[in-house]
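So you can see what is in the structure, the chains are spelled out below.
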Amino acid sequence: MKRLLCLLLVLLAGSLAADDFDYRLVAQPVARDVYVFIGKTEDFDTINGGNIVNTGFIVGTDGIVVIDSGPSLRYGQQMRRAIARVSDKPVLLVINTHHHPDHFLGNQAFADVPIGALADTRQGIARDGDAFAENLFRMSGNWMKGTEVQVPNRTLSAGKLAVAGRSLRLIALDGHTGADLAVFDEQSGTLFAGDLAFNGRAPTTPHAQVAHWLAALDQLEKLTRESDFSVLVPGHGAVTHDAAPIRQTRDWLNWLTASLREAARAGLDMNEVLARPLPPVYDGLPVGAAEYRRSVGHLFPAFEQDALESGR
Amino acid sequence: MKYPLTIAAIALAALMSPAEAAALKDGGDPLASARWTDMEKTFLAGAPVLFDPRVKVVAPSTAENPMQVPVTVDATALPGIVEVVVFADFNPIVQVLRFFPEEAPAYLGFRVKLQQSSPVRAAVKTSDGVWHVGGTWVNTVGGGCTAPSAAAASPEWQKRLNEVSGRQWSQGPNAGRVRLRIVHPMDTGLVAGTPAFHIEEINFTDTAGRRLMRVQTYEPVSENPVFTLQRGVGGGALEASGRDNNGNLFKARIEQ
């Protein structure tokens, strides 16, 4: 009887922990020889394991370029296996678009490959990487097992990059973070916008300089009007064939900053700003309320300072 | 101790709505904090204590930035207030600030550094000697007290130390409100090599020299502290003056 009970308990425990830590990554083709892995429009948790981000890869004539490596070692490893199911060509370069952890913590799985990023992104990963990883262990739990920071070992800069028989246009921007790299694959017309563009998910702002971000969005939108543009891959949310994610991100940032500026001028305290409801247009926007509250913490003090200093 | 406390509870209940009276508690911490007994000994020793819903402490349940957790204390529903002490049970330095609302309503907004998830409480002493306690839990990932101030990393702040920028609102929904920001690193002394360096006292007076409020601030108050007060409309300019623990003085006039 006792043994049976033990067996039952083991079975129960097994079913509760049915988690196999499989992100179930399936490469989705978005253009010829261009694939993406689309993450959920959620915040990090122990169910999604941090798979809230878009990553992708381009299969060139002599190899593969990977764009962002995901939120964990496990993601990186599974991504690499999923890539191998599409093509047996070697991965020749991994690009990290910026220094946020969901975009580079899979680097470990590509430790044998050059990993490139803008100079400030390399610095940012070296400086903040461990703290970011620690935070993701807290939020995503065991999915993070074994994950360690692998700092990019190659500095990329703006301009054309010939790699894997492909011509990439590297566009060095900033605003979402201190360094945001957008990658345009000239052959397929695919623009990997990184987290400068969010689609159907509220943007995150922990390192945002909004004025710079808006300027970067203008530049990206201009690119989408070029005749060879075809596909836009945002950092989060669905892929599009137009500039909608760019406009959506711009609208959110404009609303957010106007609202915070007005609140500061009206004399609101941070707690009152946090308590404000989102306008109806953002009802139901995934993580809208949560990102608004986070953004108040990040951005309100500067608006407050402006409002108080102009009162002197 | 039990007897006078109950008397106080009954006397208070008579002045309150039934719902509020039901929420009054003279024992058992509603926030169920393991540190409550210590807090009571440290701050409220020897006096009757009531958990009182009229002491409103507003703070986010989850703090995005543990260095800048906004807290608003509103005890304006209580008469005869002598002193308000604000503390966070699980902070390495628990005492955040004290304020003495003399001519101003018992309302103060500010921001604190939290090292870990903790209750943030306000204990309000009324003239009958009773402490009325309100509070709320704030969850945070921590680091607020042992992370260096931004100022510690940059020499720029020295030029602006104790610079006050402030504003009064005489119109609109926030008429009668005063907000001010003081440039100060508010170093806790818990970061190796950086001694405690913080504002200790701020006095708010009107043009006739009447003191509206005195605030004593301690290490956990956030860097470049921001305060929100309600002083009412038509009171003219306001003077904010004070000093830090290194004896640096400041004085600023906030026009209406």
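Look up: the structure comes first, before these words.
Here's a quick rundown of the structure. (Residues numbered from 1 in each chain as written. Chains lettered and ligands numbered in written order. Predicted model: local features only at pLDDT ≥ 70, side-chain atom pairs only at ≥ 80, totals over all residues.)

### Regarding the sheet that holds strand β3 (residues 55–59) of chain A
All names here are of chain A.
At step 1: In space, the seven strands of this open sheet follow the order β1-β2-β3-β4-β5-β6-β7, with mixed pairing throughout. Taken across any chain shown, the strands that pair with only one partner, and hence form the sheet edges, are β1 (28–31) and β7 (154–156). Taken over all neighbouring pairs, the strand axes of this sheet differ in orientation by 30° on average, direction set aside.
At step 2: Where strand β6 (residues 115–118) meets β7, three bridges bridge the pair, whose relative direction is parallel. When the bridges of β7 are listed, A117 appears paired with T155.
At step 3: Helix α2 (residues 73–86) rests against β2 (34–37), β3, β4 (64–67) and β5 (91–95) of the sheet, and its axis sits at about 30° to β3.
At step 4: Most of the contacts of helix α4 (residues 119–140) go to β6, to which it runs at about 105°, and overall it touches β6 and β7. (Pairing = 2+ DSSP bridges. Helix = DSSP H or I, 4+ residues; strand = E, 2+ residues; numbered from the N terminus. Axes fitted to C-alpha atoms, helices over the stretch in contact; angles between N-to-C directions. Contact = placed C-beta atoms within 7 Å.)

### Focus: the interface of chain B and chain A
Interface size is commonly expressed as the accessible surface area that is lost when the partners come together.
At step 1: Taken residue by residue, the interface counts 23 residues in chain B and 20 residues in chain A.
At step 2: Counting residues per element, the ones that place at least two in the side of chain B that touches chain A are β3 (69–74), β6 (107–112), β9 (164–169), β10 (177–182) and β13 (226–230) of chain B.
At step 3: Class assignment of the residues belonging to the side of chain B that touches chain A gives a composition of eight nonpolar, nine polar and six charged. (Nonpolar A, V, L, I, M, F, W, Y, C, P; charged D, E, K, R; others polar.)

### Side note on helix α8 (residues 288–309) of chain A
At step 1: Its 22 residues place the ends of α8(A) 30 Å apart at the C-alpha level, agreeing with the 32 Å of an ideal helix rising 1.5 Å per residue.
At step 2: In α8(A), a bend of some 45° at A:L299 exceeds every other bend along the element, and A:P301, a proline, comes one to four places later.
At step 3: Here α8(A) has its buried residues at A:E291, A:Y292, A:S295, A:V296, A:G297, A:L299, A:F300, A:P301, A:E304, A:A307 and A:L308.
At step 4: Looking at the buried positions of α8(A), the neighbouring elements they touch are α6 (244–265) and α7 (270–275) of chain A together with β9, β10 and β13 of chain B. (Expected span 1.5 Å × (residues − 1). Bend = angle between axes of the 7 residues up to and from the residue. Buried ≥ 20, exposed ≤ 12 C-beta atoms within 10 Å, placed from the backbone.)

### Description of the sheet that holds strand β8 (residues 131–138) of chain B
All names here are of chain B.
At step 1: Read from one edge of the open sheet, nine strands run β1-β8-β7-β4-β5-β12-β11-β14-β15, paired in mixed fashion. Either end of the sheet is taken by a strand with one partner, and the two such strands are β1 (49–51) and β15 (249–254). On average, each strand axis in the sheet is inclined to that of its neighbour by 15°, with strand direction left out of account.
At step 2: In this sheet, β8 lies alongside β1 in parallel orientation, the contact comprising three bridges. Following the sheet pairing, F51 is matched in β8 by V133.
At step 3: Of the strands in this sheet, β1, β4 (81–88), β7 (118–126) and β8 touch helix α3 (residues 36–44), which is tilted by about 140° from β4.

### Section: the packing of α6(A) against α8(A)
All names here are of chain A.
At step 1: In contact at an axis separation of 9 Å, α6 and α8 are set at 50° when each is read in the N-to-C sense. As the angle between them shows, α6 and α8 are arranged oblique. When the axes of α6 and α8 are compared, the crossing they make is right-handed. Of the residues in α8, those touching α6 at L256, L260, R261, A264 and R265 are S295, V296, L299, F300, F303, E304, D306 and A307.
At step 2: Class assignment of the residues belonging to the contact of α6 with α8 gives a composition of eight nonpolar, one polar and four charged. (Parallel < 35°, antiparallel > 145°, perpendicular 65-115°, else oblique. Left-handed = near helix turned anticlockwise from the far one by under 90°.)

### A few points about the nonpolar core
At step 1: Judged by nonpolar contacts, the single largest core of 126 residues is most densely connected at A:I95, A:A182, B:V84 and B:V124.
At step 2: The greatest single-element share of this core, amounting to seven residues, is contributed by α6(A).
At step 3: Those residues within four positions of A:A182 in sequence are excluded, and the remaining contacts are A:I171, A:L173, A:L191, A:F192, A:A193, A:G194, A:L196 and A:L220.
At step 4: One finds A:V53, A:I125, A:F132 and A:L136 within the second-largest nonpolar core, a separate group that totals 11 residues. (Core = buried A, V, L, I, M, F, W, Y, C linked by C-beta atoms within 7 Å.)

### Considering the environment of A:N135
All names here are of chain A.
At step 1: Checked against the element boundaries, N135 lands in helix α4.
At step 2: Under the C-beta neighbour-count criterion, N135 is labelled partly exposed, with 15 such atoms within 10 Å.
At step 3: Expressed as a C-alpha distance, the spacing of N135 and P206, which sit 71 residues apart in the sequence, is 14 Å.

### With respect to the pairing of strand β12 (residues 231–236) of chain A
All names here are of chain A.
At step 1: In terms of residue burial, β12 counts as a mostly covered element, since five of its six residues are buried.
At step 2: For strand β11 (residues 190–198) and β12, the ladder comprises five bridges, and the chain directions are parallel. Across the sheet, the residue bridging to L191 is L232, located in β12.
At step 3: You can see the chain leave β11, run along helix α5 (residues 210–224) and come back into β12, and the turn it takes is right-handed. (Right-handed = clockwise from strand over helix to strand, strands pointing away.)

### Let's talk about the environment of A:L232
All names here are of chain A.
At step 1: Within the secondary structure, L232 sits in strand β12.
At step 2: Residue classification places L232 among the buried residues on the basis of 27 C-beta atoms within 10 Å.
At step 3: Between the C-alpha atom of L232 and that of A164, which follows or precedes it by 68 residues, the distance is 21 Å.
At step 4: Ignoring anything within four residues of it in the chain, the contact list for L232 reads L191, A193, A197, T224, V239, T240, A243 and P245.

### Points about the packing of α5(A) against α6(A)
Residue and element names in this part refer to chain A.
At step 1: Contact pair α5 / α6: the axes reach a minimum separation of 10 Å and the direction vectors enclose 160°. The angle between α5 and α6 falls in the class roughly antiparallel. Read as a crossing pair, α5 and α6 show a hand that is left-handed. Of α6, the residues touching α5 (which contributes V210, W213, L214, L217, L220, E221 and T224) are I246, T249, R250, L253 and T257.
At step 2: Of the residues contributing to the contact of α5 with α6, the split by class is seven nonpolar, three polar and two charged.

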